[in-house]
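What follows is the residue order along each chain.
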2 protein chains.
Amino acid sequence: MELRRFYVRPEDIEGDVITVSGNEYRHMTGVLRFKVGYQAIVCDNTGIDYWAIVEHIDKSAATLRIIERKKNNAELPYTLRLCCGLIKGEKLEIEVQKAVEIGVHQIQPFISRYTAEQDVRQDRLERIVLEACKQCGRAVLPRVMPIARFEDIFESNARYYMAYEKEDKHLLRDVVAKPHSQETVALVIGSEGGFSPEEVQMALSAGATTFSLGKRILRAETAAIVALGTFSALTEEL
Amino acid sequence: MELRRFYVRPEDIEGDVITVSGNEYRHMTGVLRFKVGYQAIVCDNTGIDYWAIVEHIDKSAATLRIIERKKNNAELPYTLRLCCGLIKGEKLEIEVQKAVEIGVHQIQPFISRYTAEQDVRQDRLERIVLEACKQCGRAVLPRVMPIARFEDIFESNARYYMAYEKEDKHLLRDVVAKPHSQETVALVIGSEGGFSPEEVQMALSAGATTFSLGKRILRAETAAIVALGTFSALTEEL
């Protein structure tokens, strides 16, 4: 079995010494009952896996010594963002968990006109991301952006692809351009209710490209997994 | 909301009259409490949606009269089979549910060397497929094949693509050939434990093509959803 993973901030590492505190400390010592001498992989979101050994545990932090630094090669060669309309908890959990496995770096939850579910909490989303990340061996902990209104998710320095159920000309494969390494690509997947014509117009005006996921109607979480999986399959190199 | 769907055999339709019996009758009358005059969509696995109205309900069957026949255009233009190693119930449920949404026609569960879960029942798989199918509006009810041993899933008249975690040269996009309409394509996705070298050799000897799903290790159910979604995205036409 692979070693357990913990996520810290870059400033928590000084030389060969890592300090784990807060929730990750509680998970390490309270839930997993780590003792001095246990080994772990620690990540600081820079793409490095730090193989480390627990040297000291006190009441609010654990200190680990780095044994080895390994570059984690599992990250996609560009920044991938999922913009996801809020859906019910269990489905959102599946959507976010799979998105993390597939390799997203940023998750931007949004509320749009036909979003029925609006009481999802930011901290809950962050917990789902953290758990998925620990399980799938990522070196980078995807960032959950604050829940936004649909009209506020577009920014000029990202490229947007939006799954739209009425798009009948272009599949994702027809519109994908391979991102360069500094680029941020955002896939926009609606809630179960889809998008209003005004929202589609707004997305197009903001430079988004709409695409179809085929002739079958997919649930929101399936649409996200299929779109992200297809996008990464079309743009990754081995 | 779209009308409820029920699945019958072709021989249950005579002229404009459909007889719904068995489990589908119990679902219609017992669970959904259908009455005379209710409308439904009935499918007989021929790709036609029969829009029909309930004319008579007795103790073991309901009789419906066909109002309109519509060709269902949502089916993939070839036969898609998922060969899936058995995994735990909840995960298998997600895998099969999403596979049905994405458009598979056949599901071939298998037990291989590293399969931990072996007590999945055939009827449980069939129930998952039926429920997913009703929810996503398919005209064809995917067939669940009897649970088989891995070495018995290969047959000469299908084309096999197998997700293999040690394949490091070819992504799915590199090996996909567009299927013709009479072809059966099978995507082989292992259990959590992956495949033994002997099993990979057996698959290759049987003509299977191995592919990678990228640099991140996906869970079994995510691998299936991503592989099926990518395959359909690469081979479907709008």
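Residues numbered from 1 in each chain as written. Chains lettered and ligands numbered in written order. Predicted model: local features only at pLDDT ≥ 70, side-chain atom pairs only at ≥ 80, totals over all residues. Heavy atoms only, no water.

Asker: Explain the sheet that holds strand β5 (residues 48-57) of chain B here, please?
Answerer: Hydrogen bonds between backbone groups are what pair the strands of a sheet, and the pairing can be parallel or antiparallel. Residue and element names in this part refer to chain B. Ordered by their spatial adjacency, six strands build an open sheet running β1-β4-β5-β6-β3-β2, and the pairing between neighbours is mixed. Edge strands, defined here as strands with exactly one partner in the open sheet, are β1 (5-7) and β2 (13-14). Strand direction decides the pairing type here: β5 and strand β6 (residues 61-71), joined by nine bridges, are antiparallel. Looking across to β6, one finds that D49 is bridged to K70. On the sheet, helix α1 (residues 22-31) packs against β1, β3 (17-21), β5 and β6 and is oriented at approximately 90 degrees with respect to β3. (Pairing = 2+ DSSP bridges. Helix = DSSP H or I, 4+ residues; strand = E, 2+ residues; numbered from the N terminus. Contact = heavy atoms within 4.5 Å. Axes fitted to C-alpha atoms, helices over the stretch in contact; angles between N-to-C directions.)

Asker: Explain the domain arrangement of chain A to me, please; I cannot follow it from the model alone.
Answerer: The parts lose accessible area when they come together, and the size of an interface is often stated as this lost area. Residues and elements named next belong to chain A. If you check the domain split of chain A, you get domain 1 (5-71) and domain 2 (79-235). Between the C-alpha centres of domain 1 and domain 2 the distance comes to 31 Å. On the domain 2 side, the residues contacting the 10 residues of domain 1 number eight residues. On the domain 1 side of the interface with domain 2, the three residues burying the most area are R5, Y7 and N45, jointly 69% of the side's total. At the surface where domain 1 touches domain 2, the tally comes to one salt bridge. We note a salt bridge from E24 to K134, for which the minimum N-O separation is 3.0 Å. Put simply, domain 1 and domain 2 have seven residue pairs in polar contact (both at pLDDT 80 or more) between them. If you list the elements that add at least two residues to the side of domain 1 that touches domain 2, you get β1 (5-7), α1 (22-31) and β5 (48-57). When residues of the side of domain 1 that touches domain 2 are assigned to their parent elements, the largest contribution, three residues, is made by β1. Class assignment for the residues of the side of domain 1 that touches domain 2 results in four nonpolar, three polar and three charged. (Domains from an automatic or database assignment. Buried area = accessible area lost by both parts, 1.4 Å probe. Salt bridge = Lys/Arg side-chain N within 4 Å of Asp/Glu carboxyl O. Polar contact = N/O pair within 3.5 Å; in protein donor to acceptor, adjacent residues only side chain to side chain. Nonpolar A, V, L, I, M, F, W, Y, C, P; charged D, E, K, R; others polar.)

Asker: Would you mind showing me how to read helix α5 (residues 197-205) of chain B here?
Answerer: Residues and elements named next belong to chain B. Along α5, the positions that sit buried rather than exposed are E199, V200 and A203. Buried residues of α5, viewed axially, fall in a sector of 100 degrees; they line one side. Facing away from the buried side of α5 by more than 90 degrees, the exposed set consists of P197 and S205. Where α5 is buried, its residues touch β11 (159-163). Looking one or two residues past α5, G207 carries a phi angle of roughly 95 degrees, positive in sign. (Buried < 20%, exposed > 50% of the residue type's maximum accessible area, 1.4 Å probe, protein only. Arc of directions from axis to C-beta.)

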